[in-house]
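Summary of structural features
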Amino acid sequence: MAAAVVMETSDDAGNRLRFQLELEFVQCLANPNYLNFLAQRGYFKDKAFVNYLKYLLYWKEPDYAKYLKYPQCLHMLELLQYEHFRKELVNAQCAKFIDEQQILHWQHYSRKRMRLQQALAEQQPLPQQNSSTSSAGK
């Protein structure tokens, strides 16, 4: 039997590249320092760029969101829809504050998760030794 050869069309390659580029860019939005960089260079004043940010909201759909490593980027993308937020990002102190809040959130989440795991481990009964195994060594 002949093996089926799957040929990738240029449209498929273009769509894959577009997906990868948009995925990478959306995830960059999780970095407040990058947002500050964009704001200081005037990207958020460009109507075409603001429209692009609106277009990227499709990443909130589960079929796309499942590919994100940094889900906080979706929150930032949502906030970037507001002109006031985009204007505030020019201020480095704003970016620093957001960065600190993210770190505090991660620390709290990690501690809370650790406590939940410890509580679950304490609720699990200890494995009982089989009586035939313990008496076999006697």
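Everything numeric in this text was worked out from a predicted model, so none of it was measured.

The rules behind each value
- Residues numbered from 1 in each chain as written.
- Predicted model: local features only at pLDDT ≥ 70, side-chain atom pairs only at ≥ 80, totals over all residues.
- Heavy atoms only, no water.
- Buried < 20%, exposed > 50% of the residue type's maximum accessible area, 1.4 Å probe, protein only.
- Helix = DSSP H or I, 4+ residues; strand = E, 2+ residues; numbered from the N terminus.
- Arc of directions from axis to C-beta.
- Core = buried A, V, L, I, M, F, W, Y, C linked by side-chain atoms within 4.5 Å.
- Contact = heavy atoms within 4.5 Å.
- pLDDT = per-residue confidence, 0-100.
- 1 Å grid on protein atoms, 1.4 Å probe; cavity = no way out; pocket = protein on both sides within 12 Å on 5 of 7 lines; lining within 4 Å.
- Points joined across faces, edges and corners; volume = space filled by probe spheres on them.
- Nonpolar A, V, L, I, M, F, W, Y, C, P; charged D, E, K, R; others polar.
- Polar contact = N/O pair within 3.5 Å; in protein donor to acceptor, adjacent residues only side chain to side chain.

For helix α5 (residues 72–79), the set of buried residues is Cys73, Leu74, Met76 and Leu77. Looking straight down α5, one finds that the buried residues subtend no more than 160° of arc, so they occupy a single side.

With that settled, consider the nonpolar core. One finds Phe44, Leu53, Leu56, Trp59, Leu80 and Leu89 to be the most contacted residues of the largest nonpolar core, which totals 24 residues. Broken down by secondary-structure element, the contributors of at least two residues to this core are α1 (10–28), α2 (32–40), α3 (47–55), α5 and α7 (92–123). Take this core: its biggest share by element is four residues, from α5. Aside from chain neighbours lying at most four places away, what touches tryptophan 59 is Phe19, Glu22, Leu23, Val26, Tyr64, Ala65, Tyr67, Leu68 and Leu74.

Model confidence for the protein chain is summarised by a mean pLDDT of 85, while 83% of its residues fall at 70 or above. At the level of individual helices and strands, the protein chain shows its lowest average pLDDT in helix α8 (residues 131–136), which scores 54, and its highest in α3, which scores 97.

Quick look at the side chain of glutamine 102 now. Examined against the element boundaries, glutamine 102 turns out to sit in helix α7. Since its relative accessible area comes to 10%, glutamine 102 is described here as buried. Aside from chain neighbours lying at most four places away, what touches glutamine 102 is Ala30, Pro32, Gln72 and Met76.

There is about 160 Å³ of room inside the largest pocket. A per-class count over the lining of the largest pocket returns four nonpolar, one polar and six charged.

Once that is clear, we can look at α2. Listed as buried for α2 are Pro32, Leu35, Asn36, Leu38 and Ala39. Looking straight down α2, one finds its buried side chains confined to an arc of 160°; they lie on one side. Its side-chain oxygen 2.8 Å from the backbone nitrogen of asparagine 33, asparagine 31 forms the N-cap of α2. In the segment just after α2, glycine 42 is the residue with positive phi, at about 80°.

Here the focus is the side chain of arginine 86. Mapped onto the fold, arginine 86 is located in helix α6 (residues 83–88). Those residues within four positions of arginine 86 in sequence are excluded, and the remaining contacts are Ala39, Phe44, Val50, Leu80 and Gln81.

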